2 protein chains.
Amino acid sequence: MSSTSSPVGSPISTRDRIVELADQLFYERGYEHTSFADIAAAVNLSRGNFYHHFKAKDDILDAVIELRRQRTQAMLDRWAAEAPTPVARISRFIHMMVMNGSKIRRHGCPVGTLCTELAKLEHPALPRANHLFILFRQWLARQFTELGRTHQADTLAMHLLARSQGIATLANAFDDEAFIHQEVESLLKWLHDTATATQASQGS
Amino acid sequence: MSSTSSPVGSPISTRDRIVELADQLFYERGYEHTSFADIAAAVNLSRGNFYHHFKAKDDILDAVIELRRQRTQAMLDRWAAEAPTPVARISRFIHMMVMNGSKIRRHGCPVGTLCTELAKLEHPALPRANHLFILFRQWLARQFTELGRTHQADTLAMHLLARSQGIATLANAFDDEAFIHQEVESLLKWLHDTATATQASQGS
DNA sequence: GTCTATACCCAGATAGAC
DNA sequence: GTCTATCTGGGTATAGAC
């Protein structure tokens with residue numbers, strides 16, 4: 001069975017190295033602006049050899065999206081396992097913007113910028129890229145549900161997603177680290193207020 | 001003197017038609033994904049004739065950014081002239097997302113998506129594109145200053161800009177009109193609270 | 001100012017030797 | 001699995017006739 005990840009204990013396959021480097025380059029330069037030659041050079045492969053691993057550029061994109069999907073899911077699972085309360089879990093999401101601050105300032109949000117680019121290209125892989133957003137949306141909605149906000153869970157999740165997207169876009173445009181911290185503080189306060197309002201309406 | 005706009009009363013120049021159509025295509029398809037041939041076809045010009053008006057693709061981009069700058073400035077001036085209070089003016093900005101809802105859902109924010117793309121390309125025109133953001137930022141900050149929030153004016157302006165960027169990104173990804181309305185309502189409430197808090201701290 | 005023709009380059013993609 | 005060589009298309013850009 002052809003797995004998308006290398007077997008346990010084996011050295012990293014050429015295919016995996018291609019996908020890993022393509023992931024980075026797509027993030028830094030954008031999908032369209034990254035050529036086969038760029039990826040081949042990064043992996044130290046000849047262009048011809050490339051087609052042994054991927055028949056077309058779109059195939060690499062699919063593999064990159066699948067890689068991001070797996071890593072995103074793993075990260076969300078980790079947050080859910082490590083943080084004991086919904087508020088702590090949502091805080092993990094918010095803090096991600098500080099953790100990845102320097103990359104966000106340079107290249108924006110990996111999910112948002114990819115979806116925006118693929119939308120302009122009317123690329124067939126767009127739905128799969130959008131699925132990365134859905135992963136976050138559903139995970140956040142679950143946390144708000146556990147907070148007791150069943151009816152507004154999805155609305156709150158979308159609100160938080162939108163806030164984080166806006167922060168990434170402007171942090172990138174203005175290359176502004178202080179702005180990220182400012183908005184993260186604002187979001188943490190919003191989260192606190194949201195959680196408190198929930199307790200109040202439930203009579204705690 | 002070579003003006004960037006056609007003289008009063010004269011028919012629209014070929015140059016202006018090129019810039020107008022390029023503006024649309026860059027918005028809908030992205031800058032890199034739009035070719036000379038695409039623009040030439042839209043204007044009904046031969047490719048060769050193109051270079052009579054613009055020596056290079058980057059020159060068209062500069063002209064498009066300048067066009068957007070002028071139109072943005074004119075719009076902000078109009079809002080400032082028509083709306084009597086700072087709150088009414090900021091509301092105009094917020095309502096823009098409803099007015100342009102269908103375009104935003106299809107192509108995102110014209111400013112945000114252009115800046116994001118040019119950042120990935122490390123394009124020399126990026127600072128000029130970012131200036132479009134600055135136009136909004138300074139105009140909004142002025143409104144918050146007039147509201148009495150002198151010290152937090154820029155922070156509030158950036159917050160509002162970020163919120164609107166996030167809304168545009170997610171409305172585009174999920175093609176969701178109801179979401180725009182939801183968030184616009186939330187923003188209007190935030191604006192109301194912000195204005196009320198100002199009055200309270202000033203003893204009205 | 002507008003056209004046709006064309007040069008030039010780079011990207012994606014293929015063939016086939018090793 | 002890796003390489004070199006090569007084809008093809010599309011994109012930017014130029015030359016020169018009308």
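Cut-offs applied
- Residues numbered from 1 in each chain as written.
- Chains lettered and ligands numbered in written order.
- Predicted model: local features only at pLDDT ≥ 70, side-chain atom pairs only at ≥ 80, totals over all residues.
- Heavy atoms only, no water.
- Near = heavy atom within 4 Å.
- Polar contact = N/O pair within 3.5 Å; in protein donor to acceptor, adjacent residues only side chain to side chain.
- Helix = DSSP H or I, 4+ residues; strand = E, 2+ residues; numbered from the N terminus.
- Nonpolar A, V, L, I, M, F, W, Y, C, P; charged D, E, K, R; others polar.
- Buried < 20%, exposed > 50% of the residue type's maximum accessible area, 1.4 Å probe, protein only.
- Phe/Tyr/Trp six-rings, centres within 6.5 Å; stacked < 30°, edge-to-face > 60°.
- Expected span 1.5 Å × (residues − 1).
- Salt bridge = Lys/Arg side-chain N within 4 Å of Asp/Glu carboxyl O.
- Contact = heavy atoms within 4.5 Å.
- Least-squares fit on C-alpha atoms with pLDDT ≥ 70 in both.

A. Main features of the protein's contact with DNA strand C. By nearness alone, 14 residues border DNA strand C, and Phe36(A), Tyr51(A), Lys57(A), Ser46(B) and Asn49(B) come closest of all. A share of 60% is what sugar and phosphate atoms reach among the atoms of DNA strand C within 4 Å of the protein. The side chain of Thr14(B) places a nitrogen or oxygen atom 3.5 Å from a phosphate oxygen of DNA strand C. For DNA strand C, a phosphate oxygen lies 3.2 Å from a polar atom in the side chain of His53(B). Elements with a contribution of two residues or more to the surface near DNA strand C: α3 (47-53) of chain A together with α3 (47-53) of chain B. Per-element tally for the surface near DNA strand C: the top contributor is α3(B), with four residues. Grouping the constituent residues of the surface near DNA strand C by class yields four nonpolar, nine polar and one charged.

B. Quick look at unusual backbone geometry. Residues and elements named next belong to chain B. Despite not being glycine, Asn44 has its phi angle at roughly 70°, a positive value. In this structure, Asn44 sits in the loop between α2 (36-43) and α3. Judged by relative accessible area, Asn44 falls into the exposed class, the value being 70%. Phi at Glu122 takes a positive value of approximately 50°, unusual for a residue other than glycine.

C. A look at the packing of aromatic side chains. A complete count under the given rule lists 14 aromatic pairs over all chains for this structure. Seen in terms of ring centroids, Phe36(B) and Tyr51(B) are 4.9 Å apart; in terms of plane orientation they differ by 40°. Their pairing is tilted. Of this pair, Phe36(B) sits in helix α2 while Tyr51(B) is found in helix α3, placing the two residues 15 residues apart along the sequence. Here Phe36(B) falls in the buried class, since its relative accessible area comes to 13%. Residue classification places Tyr51(B) among the partly exposed positions, given a relative accessible area of 47%. Taken together, the aromatic side chains of Phe36(A), Phe50(A) and Tyr51(A) make up a single cluster linked through ring pairs.

D. Molecular detail of helix α7 (residues 110-121) of chain A. Residues and elements named next belong to chain A. Compared with the 16 Å implied by 1.5 Å per residue over twelve residues, the 17 Å span of α7 between its first and last C-alpha is a close match. Among the twelve residues of α7, eleven are classified as buried, and the element is accordingly described as predominantly covered. Burial in α7 covers these residues: Val111, Gly112, Thr113, Leu114, Cys115, Thr116, Glu117, Leu118, Ala119, Lys120 and Leu121. One or two steps after α7, the chain reaches Glu122, where phi turns positive at roughly 50°.

E. Quick look at the protein's contact with DNA strand D. As a structural note, the neighbourhood of DNA strand D is formed by 14 residues, with Ser46(A), Asn49(A), His52(A), Phe36(B) and Tyr51(B) the closest of them. Among all atoms of DNA strand D positioned within 4 Å of the protein, those belonging to sugar or phosphate total 58%. The contact in question runs from a sugar or linking oxygen of DNA strand D to an N or O atom on the side chain of Asn49(A), over 3.1 Å. Where the surface near DNA strand D is concerned, the elements lending two or more residues are α3 of chain A together with α3 of chain B. Looking at the surface near DNA strand D element by element, the count peaks at four residues for α3(A).

F. View of the pattern of salt bridges. The final tally for this structure, using the stated rule, is 24 salt bridges over all chains. The closest approach of N and O atoms between Arg163(A) and Glu183(A), which form a salt bridge, is 3.9 Å. With Arg163(A) in helix α9 (residues 153-174) and Glu183(A) in helix α10 (residues 177-201), this pair connects stretches of sequence that are 20 residues apart. Accessibility expressed as a relative area gives 5% for Arg163(A), which makes it buried. Glu183(A) sits in the buried class, given a relative accessible area of 4%. The residue Asp154(B) makes a salt bridge to Arg137(B) at a minimum N-O spacing of 2.8 Å. Taken together, the residues Asp154(B) in helix α9 (residues 153-174) and Arg137(B) in helix α8 (residues 126-146) connect sequence positions 17 residues apart. On the basis of relative accessible area, Arg137(B) is assigned to the buried category, the value being 17%. The network of salt bridges with common partners includes Arg105(A), Asp175(A) and Glu177(A).

G. Layout of the side chain of Arg68(A). Relative to the helices and strands, Arg68(A) resides in helix α4 (residues 57-82). Excluding its chain neighbours within four sequence positions, the residues that come into contact with Arg68(A) are Asp23(A), Phe26(A), Tyr27(A), Pro110(A), Leu114(A) and Leu132(A).

H. Molecular detail of the environment of Gly166(A). By the secondary structure assignment, Gly166(A) is in helix α9. Note on Gly166(A): relative accessible area 0%, which makes it buried. Separated by 153 residues in sequence, Gly166(A) and Ser13(A) place their C-alpha atoms 37 Å apart. In this view, Gly166(A) contacts Ala162(B), Gln165(B) and Gly166(B); residues no more than four positions away in its chain are not counted.

I. Main features of helix α1 (residues 14-29) of chain A. Its 16 residues give α1(A) an end-to-end C-alpha distance of 22 Å, which sits within 8% of 22 Å, the value for a rise of 1.5 Å per residue. Here α1(A) has its buried residues at Asp16(A), Ile18(A), Val19(A), Ala22(A), Asp23(A), Leu25(A), Phe26(A) and Tyr27(A). Those residues of α1(A) that are buried are in contact with α2 (36-43), α3, α4, α6 (101-107) and α7 of chain A together with α7 (110-121) of chain B.

J. Region of the structure containing the relation of the copies chain B and chain A. Of the transformation placing chain B onto chain A, the axial shift is 0.0 Å and the rotation is 180°, giving an RMSD of 0.0 Å. Taken together, these values place the two copies in the relation of a two-fold axis. When C-alpha distances to the rotation axis are compared across chain B, the minimum falls at Gly166(B), with a value of 1.9 Å. In this assembly, 97% of the residues forming the interface of chain B have copies in chain A that are likewise at the interface, indicating an isologous arrangement.

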